[in-house]
Amino acid sequence: MAKKKKYYVVWEGRDTGIFESWPECQKAIKGYAGAKYKSFESKQAAELAFGDSYHKHYNFGGKKKEMSAEERKKYGTPNWDSLAVDAACSGNPGVLEYQGVDTKTGRVLFRQGPFPEGTVNIGEFLAIVHGLAYLKKQGMDDLPIYSDSRTAMKWVRDKRANTLLKRTARNRALFDIMSRGEAWLRANTYKNPILKWETKAWGEIPADFGRK
């Protein structure tokens, strides 16, 4: 009997998205501490899951595990005097957008896209770099930046977008922007803390596009 095909969703890893084989999934998560992924029996189920947060599926019951008040207290509260960034991508790869907002008011400070053939990780990376450059230009070098992507935060620390996405004629402009972002990180210093937005405790990041 032929082995039933599975689809693998990677929410956090070297790259994110829906992969149609375990070897492809392994490439996306290998060497990435805390990778978040799960297999599904159908492509439709995988696509629906990828549109959700990992925490809706990680208990494998299909229901979001609610945090207790005591657990939530461990995370404290966010610094509302900050910049929040996020990205949205329809498909993997798909049409990509990213934005930065005032965490306290939700006012959009910058927004870029749509870019064809992008990934969420690329958008999250560019959003942080854009945020750093924006705050440096504004003379706000002590304002924190919140992101809900550990992958993007690592890429910024490494000064390299470690994506598995292949460069094509359609996404050439996006790759050029990534290269400029990497060059900016190598050429500039910054003091802005880049902090993890704790979605489990605080809800969706204020920069979220609301498409989950």
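Shown above is the structure to which this text applies.
These remarks concern the structure in this document. (Residues numbered from 1 in each chain as written. Predicted model: local features only at pLDDT ≥ 70, side-chain atom pairs only at ≥ 80, totals over all residues. Heavy atoms only, no water.)

Here the focus is unusual backbone geometry. Of the consecutive residues G113 and P114, the connecting peptide bond is found in the cis state with omega at 5°. Mapped onto the elements, P114 comes out in strand β6 (residues 108–118). One non-glycine residue, E117, lies in positive phi territory at about 55°. The residue E117 is located in strand β6 in this model. Phi is positive for K159, which is not a glycine, with a value near 60°. Summarising the element assignment, K159 is placed in the loop between α5 (150–158) and α6 (172–187). (Helix = DSSP H or I, 4+ residues; strand = E, 2+ residues; numbered from the N terminus.)

We now examine the sheet that holds strand β3 (residues 36–40). If you trace the three strands from one edge of the open sheet to the other, you get β2-β1-β3, paired in antiparallel fashion. The open sheet is flanked by β2 (17–19) and β3, the only strands paired with a single partner. For this sheet, the mean inter-axis angle between neighbouring strands, taken without regard to orientation, is 25°. Both strand β1 (residues 7–12) and β3 contribute to a ladder of five bridges, which runs antiparallel. (Pairing = 2+ DSSP bridges. Axes fitted to C-alpha atoms, helices over the stretch in contact; angles between N-to-C directions.)

The mixed open sheet is built from five strands, whose spatial order is β6-β5-β4-β7-β8. Strands at the two margins of the open sheet, each flanked by one partner only, are β6 and β8 (194–196). Ignoring strand direction, the axes of neighbouring strands in this sheet form an average angle of 25°. Relative to strand β7 (residues 145–147), strand β4 (residues 83–91) runs parallel, the two being bridged by two bridges. What sits directly across from A84, in β7, is Y146. Strand contacts of α6: β5 (94–102) and β6, with the helix running at about 130° to β6, the strand carrying the most contacts. (Contact = heavy atoms within 4.5 Å.)

So, about the nonpolar core. Judged by nonpolar contacts, the single largest core of 31 residues is most densely connected at I122, F125, I128, L132 and V156. Elements that contribute at least two residues to this core include exactly β4, β5, β6, α4 (120–137), α5 and α6. No other element matches α4, which puts nine residues into this core. Not counting chain neighbours up to four residues away, the residues in contact with I122 comprise L96, W155, T163, L165, L174 and M178. Membership of the second largest hydrophobic core comes to seven residues, among which are Y7, V9, A49 and F50. (Core = buried A, V, L, I, M, F, W, Y, C linked by side-chain atoms within 4.5 Å. Buried < 20%, exposed > 50% of the residue type's maximum accessible area, 1.4 Å probe, protein only.)

It is the contact of α4 with α6, at a shortest axis distance of 10 Å, that shows an interaxial angle of 50°. In terms of orientation, α4 and α6 fall into the oblique class. Judged by the sense of rotation from one axis to the other, the crossing of α4 with α6 is left-handed. The residues of α6 that touch α4, namely those facing I122, F125, L126, V129, L132, A133 and K136, are L174, I177, M178, G181, E182, W184 and L185. When its residues are assigned to classes, the contact of α4 with α6 shows 11 nonpolar, one polar and two charged. (Parallel < 35°, antiparallel > 145°, perpendicular 65-115°, else oblique. Left-handed = near helix turned anticlockwise from the far one by under 90°. Nonpolar A, V, L, I, M, F, W, Y, C, P; charged D, E, K, R; others polar.)

Here Y8 is to be found in strand β1. Taking C-alpha positions, Y8 is 6.4 Å from C25, a pair spaced 17 residues apart along the chain. Aside from chain neighbours lying at most four places away, what touches Y8 is G17, I18, F19, S21, W22, C25, K38 and S39.

What follows concerns α6. Counted at 1.5 Å a residue, the expected span for α6 with its 16 residues is 22 Å, and the 23 Å between its end C-alpha atoms agrees. All of the buried residues along α6 are L174, F175, M178, G181, E182, W184 and L185. Those residues of α6 that are buried are in contact with β5, β6, α4 and α5. (Expected span 1.5 Å × (residues − 1).)

On to the packing of aromatic side chains, then. A complete count under the given rule lists 10 aromatic pairs for this structure. Judged by centre distance (5.3 Å) and plane angle (90°), the rings of Y146 and W197 are edge-to-face. With Y146 in strand β7 and W197 in the loop between β8 and α7 (199–202), this residue pair connects regions lying 51 residues apart in the sequence. Assessed through its relative accessible area of 4%, Y146 is described here as buried. Looking at W197, the relative accessible area reads 1%, which means it is buried. An angle of 75° between the planes, with centres 5.0 Å apart, marks the rings of W197 and W202 as edge-to-face. Through successive ring pairs, a cluster of aromatic residues spans W80, Y146, W197 and W202. (Phe/Tyr/Trp six-rings, centres within 6.5 Å; stacked < 30°, edge-to-face > 60°.)

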